[in-house]
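# Chain and residue survey
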Amino acid sequence: MAFINLQNVTYKYPLTKGPVLQNINLQVREGEFVSVIGPNGAGKSTLCYALAGFVPHFFKGEFSGEIEVDGKQSSKSTLDEWVLNVGLAFQNPFNQISGAKYTVFEELAFGLENIGVPRDEMKVRVEEAMALTGISDLADRSPYSLSGGQQQRVALTSILVMRPRLLVLDEPTSQMDPIGTREVFGVVRRMAEQGMTVVMVEHKMEWIAEFADRVIALKEGQILMEGRPNEVLTSDLLTENGFGVSRYTSTAREAKKRGLWRKDHLPVTLDEAVEGFKK
Amino acid sequence: MNINIKDLRFTYPTGLEALKGINLTIDSGEQVAIVGQNGAGKTTLVRHFNGLLKPASGSVIIGGWDTAKYSVAKLASRVGYVFQNPDEQLFSRDVLTEVSFGPRNLGYSKEKIDELVKRAMALTELNDKAETNPYDLSPTWRKMVALASIIAMDTSIVIFDEPTTGQDAVNVGRIAHVIAELKKEGKTVITITHDIDFCAENFERVIALSKGQVLLDGHTREVLGQEETLAQTYVDPPQLTRLGKRLGLKETVTRQEEFMQAIT
């Protein structure tokens, strides 16, 4: 049975005119790393909120359909039960930092304190999580003294430290430097290999293709396409619908017109592009 | 209006030394991208241009004005600054009022204000949203409101702090168009970005910062070709530059057309 199961999920916020999610059906298996792409306003963040239980429990509005994670139904659970299994990192890390803690170390322990993890274990888990995301040197800094990208790493780490079974990430690398971005994709991949299920909203096609198992393309609240990364990310359907593509894809598409790309498949990653262009 | 920075140093009250001796000259009308690792000092540097931060030592001179001696309000007539997070700068009840706020405070004539606001709204495609409360818009459009509110001030120097963060392909195209238009008008545009492909396609000069110092500074192609040095500040070359290297092309390529020429 699928670890995540969305059946006919339709949702409208209290103040929006039409539904933001329309009839979404989606199954994800345990340990799968799924990436969600789509233009602004496609419903990507709302889908994250739905998986994390904020839709409809916190935002209210009109909800129909059913969301199941690990066999439990969102409609029959309370938000505080739900968050024990599901962790969400917000798009804007500033919205996530508690404001109640003076140091990054304390900030990272905040979630663990709230679920009653013993003090000694808490310290070990915070230190492990900081090492994993490469922020050990920020431990004593104030969360508010950090740069945007550093704050984003702290926000991600504050979720990883909770060891959720389902990790939901809403553009977790949007403010990160390029090599840091690649490292975060690597960390998330490792988490998935250890059995954590991951749903990650992202725009960076090259790294999605390199690290994710499957891509879901959303548009106007509906699933436009889903499948293996290379298959989805090179589809003409995406370009026609205003999705971004990697420079490897767009350049090879142009080269194909001029007879300079001879493979059947377009590339998304560097290796695929090298393979197709080399003489 | 040139920007002259001499041995600029800055330390935050927490003791963090963010800038460790920066020397730079940016000429009038240049399009400059600033790249570098998170925490490298990019935002700290540009906040010195409009006086939000004052040098601990050294100097920042904007067209003859030493920023240490001028208020943020005064410098606002020369330097416009679009924040990384639009929510830090928007406060009006509707988009039109928000976009008009800057030029009104600069004391322009009513005709000039109307003209500047009209142009900024058109450039950012906000005309149909004039009466909307900025906070009823999606984050994407709030970003465009933030851009418009600064463009409408008609300053010689415009700074964008990570303008493409969280924007889809269509909107990144809109932002590139805004930058191209400002260039045509002879404005100096300084942009902090982590989007290296965007950087390669829209800027002529790139400054790479690392740990509070200038690591590289020069023509886009020269700077973005130096893979090993860039890695010190956690920056990858553009995708097509990496591809060109792997294919053994002699010249560094950064854009699609250069790449096509090189392989034809």
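As shown above, the structure is provided for reference.
Residues numbered from 1 in each chain as written. Chains lettered and ligands numbered in written order. Predicted model: local features only at pLDDT ≥ 70, side-chain atom pairs only at ≥ 80, totals over all residues. Heavy atoms only, no water.

### Overview of the interface of chain A and chain B
For the record, the criterion: The criterion used for residue contact is that any of the two residues' heavy atoms lie within 4.5 Å. Buried surface area refers to the total accessible area, computed with a probe of radius 1.4 Å, that the two partners give up upon joining, counted for both partners together. One side-chain nitrogen of Lys or Arg within 4 Å of one carboxyl oxygen of Asp or Glu is enough to make a salt bridge.
Counting residues at the interface gives 40 residues for chain A and 37 residues for chain B. For the chain A and chain B pair, buried surface summed over both sides reaches about 3300 Å², with 54% attributable to carbon and sulfur atoms. Area buried by chain A at its contact with chain B is led by A:Asn40, A:Asp177 and A:Arg247, which between them contribute 20% of it. Counting every contact that joins chain A to chain B gives five salt bridges.

### Concerning the packing of helix 5 (residues 139-151) of chain B against helix 6 (residues 169-184) of chain B
Residues and elements named next belong to chain B. For clarity, the cut-off: Every axis corresponds to a line fitted to the C-alpha atoms, with the helix fit spanning only the stretch in contact, and the corresponding angles, defined between N-to-C directions, vary from 0 to 180 degrees. Each helix is a run of H or I in the DSSP string that is no shorter than four residues. Each strand is a run of E no shorter than two, and both are numbered from the N terminus. These descriptions rest on fixed angle ranges, namely under 35 degrees for roughly parallel, over 145 for roughly antiparallel, 65 to 115 for roughly perpendicular, and the rest for oblique. Throughout, the ten residues Ala, Val, Leu, Ile, Met, Phe, Trp, Tyr, Cys and Pro are labelled nonpolar, Asp, Glu, Lys and Arg are labelled charged, and all others, Gly among them, are labelled polar.
Their axes nearest at 11 Å, the elements helix 5 and helix 6 cross at an angle of 5°. By the criterion of interaxial angle, the relationship of helix 5 to helix 6 is roughly parallel. Together, Thr140, Trp141, Met144, Leu147 and Ile151 of helix 5 and Asn171, Arg174, Ile175, Val178 and Leu182 of helix 6 make up the contact between the two elements. Across the contact of helix 5 with helix 6, the residue classes break down as seven nonpolar, two polar and one charged.

### Some words on the sheet that holds strand 2 (residues 21-28) of chain A
Residue and element names in this part refer to chain A. Let me state the cut-off plainly: Two strands qualify as a pair provided DSSP detects at least 2 bridges between them.
Spatially, 2-1-4-5 is the arrangement adopted by the four strands of the open sheet, whose pairing is antiparallel. In the strand order of this sheet, the two ends are held by strand 2 and strand 5 (72-73), each with one partner. Relative to strand 2, strand 1 (residues 4-12) runs antiparallel, the two being bridged by five bridges. Its bridge partner lying in strand 2, Ile4 is registered against Val28. Strand contacts of helix 1 (residues 44-51): strand 1, strand 2 and strand 4 (62-69), with the helix running at about 120° to strand 1, the strand carrying the most contacts.

### What to know about the nonpolar core
What tends to happen in soluble globular proteins is that the nonpolar side chains get buried as a cluster. Our working rule: The set of buried Ala, Val, Leu, Ile, Met, Phe, Trp, Tyr and Cys residues whose side-chain atoms join them within 4.5 Å is what this entry labels a nonpolar core. Remark: exposure states derive from per-residue accessible area (1.4 Å probe, protein chains only) relative to the maximum for the residue type, with buried under 20%, exposed over 50%, and partly exposed in between.
B:Val99, B:Leu126, B:Leu147, B:Phe160 and B:Leu224 are the most contacted members of the largest nonpolar core, which has 46 residues in total. Counting residues per element, this core draws most heavily on helix 5 of chain B, which supplies eight residues. For B:Leu147, the contacting residues outside a window of four places in its chain are B:Val82, B:Thr124, B:Phe160, B:Ile175 and B:Val178. Grouped together as the second largest cluster of nonpolar side chains are 33 residues, A:Val20, A:Ala50, A:Val55 and A:Val199 included.

### Things to note about the sheet that holds strand 8 (residues 197-201) of chain A
Hydrogen bonds along the backbone pair up the strands of a sheet, which may run parallel or antiparallel. Residue and element names in this part refer to chain A. Sheet architecture is open: six strands sit in the order 6-7-8-3-9-10, paired in mixed fashion. In the strand order of this sheet, the two ends are held by strand 6 (86-89) and strand 10 (222-227), each with one partner. Taken over all neighbouring pairs, the strand axes of this sheet differ in orientation by 15° on average, direction set aside. In this sheet, strand 7 (residues 166-170) lies alongside strand 6 in parallel orientation, the contact comprising four bridges. Considered in strand 7, the bridge of Ala89 is made with Leu169. Each of strand 3 (33-37), strand 6, strand 7, strand 8 and strand 9 (214-219) is contacted by helix 1, which is oriented at about 155° to strand 7, the strand it contacts most.

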